[in-house]
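# Structural overview
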Amino acid sequence: MAAVHKTPVGAPGAAEAVTAVASRHLVQPWPTAETIGAEARGFLGDGDGIYVHDSEGRRLIDGPAGMWCVNAGHRRPELVEAMSRQAMALSYNSPWYTTSEPSALLAERLAAHAPAGLDHVFFTTGGSSAVETALRFMQFMNNVRGRPEKKMILSRQGAYHGSTFLSASLNGRPRDHDWMDSLSSQVIKLSCPNPFRRPAGHSEAAFCDSLVEELRATIERVGAERIGAFVAEPVMASGGVIIPPTGYLPRIRALCAQNDILFIADEVVTAFGRLGHVFAADDVFGIAPDMITFAKGVTSGYFPLGGVMLSSALLETLRASNHPDAMFSHGYTYSSHPIGCAVALANLDLLEGGLLAHVRGLSDYFQESLSTLGDLALVGEVRGIGLMACIECVADHVDKNPLALDLEVGKRIDRHCQERGLLVRPLINMCVMSPPLTITRAQIDTMTEILRESIRATMDELVREGLWAG
């Protein structure tokens, strides 16, 4: 066995030692074939509040809150203590045979926040497994009801729903499918509801009408008897913080209900305070889905946990079926994990104890501050809602063409931001921000100023390299 060399985090050379070991042994998520298993990504040593520290000792605002998830911020003693207490009391129980107190209490707390009727929850290990669970439940239900042909799934271009085979099949970003297989025969991709990219000459209202009509025509063409579910993020997060036109979600929800198509709201990002509420479907968008998937912010990223909120009506339909012995043979070793549920309960205490109100009081300032970046020539649109936002860069403001730019422009901006004290999430020609919910007005001002300086530096760089006329 090879010797294991340990260098204390924070000690001289710690970052170099960790990245060297990672490049020899660690396969990172979403690698290219050129670097798979031999990649050293940026090192972070520790975090505190809205900040993290990198290998050069710089304190950086954690602009993406990890991956949309560190909602309560780093180094929250309440969450760490909840984790420790539960680990010392009961570290694990099998959900096949037993129930823990934290899982039952968390289910009750979540049901109180969910839209009316969604008062049951199935716990999973994360967002991908939550979406997978919702889809398998739809398939199971239609099998039990004698409708095995009602399995087609409607998703949308630009969507992201996970990395398991079934959930990834719903993803609507082209690069997600370039080299990976998917269940394309059972998934239909509708148009992306992106007002910024709507056809020229269309008002937002006319664009919304066309999206609703597209769904209506698709149901008529495919047949409602063959379509099992429509899956949608209320806000397309990884697609670039795409906020659909006003009225879009309620109209789509109504059309699904009319055709007995389950509406699954994927709130892996928008739940647990990101938009100022525990769940955003009803409180922000005015819809009551059949299911809500969640993860990430439920524990503020301190422990892997996800789940599916299920309507009582669906469960009552199953209980009243002619197949009482039909088994929903689906679950995970770590379903209802007592430590994860205990952390989630402590996280809910923080949200209910002031964080939700803080977000609602700060959201307008966050959006207004970032919107001032729209005067920069490289910026095509600044959009957002709650404490999530996206800056989309374009080569020109007429054609809104990102392809004439260096497609690494988001990474360029991120590099300049890191030099100045901010992490953002680069997405090709976009930069996404979703900071910890504890951020203050002064910290928002700092974030905006760093972004302004970094976008200007990127503009100068692109002009010097002949990649953009300016």
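Parameters and conventions
- Residues numbered from 1 in each chain as written.
- Predicted model: local features only at pLDDT ≥ 70, side-chain atom pairs only at ≥ 80, totals over all residues.
- Heavy atoms only, no water.
- Core = buried A, V, L, I, M, F, W, Y, C linked by side-chain atoms within 4.5 Å.
- Buried < 20%, exposed > 50% of the residue type's maximum accessible area, 1.4 Å probe, protein only.
- Helix = DSSP H or I, 4+ residues; strand = E, 2+ residues; numbered from the N terminus.
- Contact = heavy atoms within 4.5 Å.
- pLDDT = per-residue confidence, 0-100.
- Pairing = 2+ DSSP bridges.
- Axes fitted to C-alpha atoms, helices over the stretch in contact; angles between N-to-C directions.
- Phe/Tyr/Trp six-rings, centres within 6.5 Å; stacked < 30°, edge-to-face > 60°.

### Examining the nonpolar core
Counting 103 residues, the largest nonpolar core has L110, F230, F272, F279 and L451 as its most contacted members. Top contributing element to this core by residue count: helix α10 (residues 338-371), with 15 residues. If we ignore the near neighbours within four places in the chain, the residues touching F272 are N71, L110, H277, V278, F279, F294, A295, G297, V298, L348, L351 and L437.

### Overview of the confidence of the model for the protein chain
The pLDDT averaged across the protein chain works out to 94; a share of 97% of its residues lies at or above 70. Every residue in residues 1-9 is under pLDDT 50, and counting partners more than four places away or in other chains gives 8 contacts.

### Things to note about the sheet that holds strand β11 (residues 379-385)
The strand order across the open sheet built from 4 strands is β11-β12-β15-β14, with neighbouring strands paired in antiparallel fashion. The open sheet has two edge strands, β11 and β14 (425-427), and neither has a second partner. Adjacent strand axes in the sheet meet at a mean angle of 20 degrees, parallel and antiparallel pairs treated alike. Looking at chain direction, strand β12 (residues 388-393) and strand β15 (residues 430-433) are connected through 4 bridges and run antiparallel. Within β15, the residue paired with A389 across the bridge is M433.

### Some thoughts on the packing of aromatic side chains
All told, the structure shown has 9 aromatic pairs when counted by the stated rule. Relative to Y160, the ring of W30 lies with its centre 6.3 Å away and its plane at 55 degrees, an arrangement referred to as tilted. Separated by 130 residues along the polypeptide, W30 in the loop between α1 (14-25) and β1 (44-48) and Y160 in the loop between β5 (152-156) and α6 (165-168) bring together distant segments of the chain. The class for W30 is exposed, based on a relative accessible area of 52%. With a centroid separation of 5.3 Å and 45 degrees between ring planes, the pair formed by F140 and F328 is classed as tilted. Highlighted residues: F140 in helix α5 (residues 127-144) and F328 in the loop between α9 (312-319) and α10, separated in sequence by 188 residues. Overall, the relative accessible area of 14% leaves F140 in the buried class.

### Considering the pairing of strand β9 (residues 291-294)
What you see with β9 is no split at all: M291 and T293 on one side and I292 and F294 on the other are buried throughout. As defined by bridge partners, strand β8 (residues 262-266) adjoins β9 across 3 bridges and the pair is classed as parallel. Counted as the bridge partner of I264 is M291 from β9. Sheet analysis places β9 next to strand β10 (residues 306-310), joined by 4 bridges and oriented antiparallel. Across the sheet, the residue bridging to I292 is M309, located in β10.

### Remarks on the sheet that holds strand β2 (residues 51-54)
In spatial order, the strands read β1-β2-β3-β13; together these 4 strands make up an open sheet with mixed pairing. Each having just a single partner strand, β1 and β13 (422-423) make up the two edges of the open sheet. As paired elements, strand β3 (residues 59-62) and β13 share 2 bridges and run parallel to each other. The residue bridging D62 from the neighbouring strand is L423, located in β13.

### A word on the pairing of β12
Along β12, 6 of the 6 residues are buried, which leaves the element largely enclosed by surrounding structure. By the alternation rule, side chains of β12 split into M388, C390 and E392 and A389, I391 and C393, which are all buried. With 6 bridges connecting them, β11 and β12 associate as antiparallel partners. Counterpart to E381 in the pairing with β12 is E392.

### Some thoughts on unusual backbone geometry
Even without being a glycine, R75 presents a positive backbone phi close to 60 degrees. Within the secondary structure, R75 sits in the loop between α2 (65-68) and α3 (77-89). Its identity is not glycine, yet S336 carries a phi of approximately 60 degrees, on the positive side. Along the chain, S336 falls in the loop between α9 and α10. Residue S336 is classed as buried on the basis of its relative accessible area, which comes to 19%.

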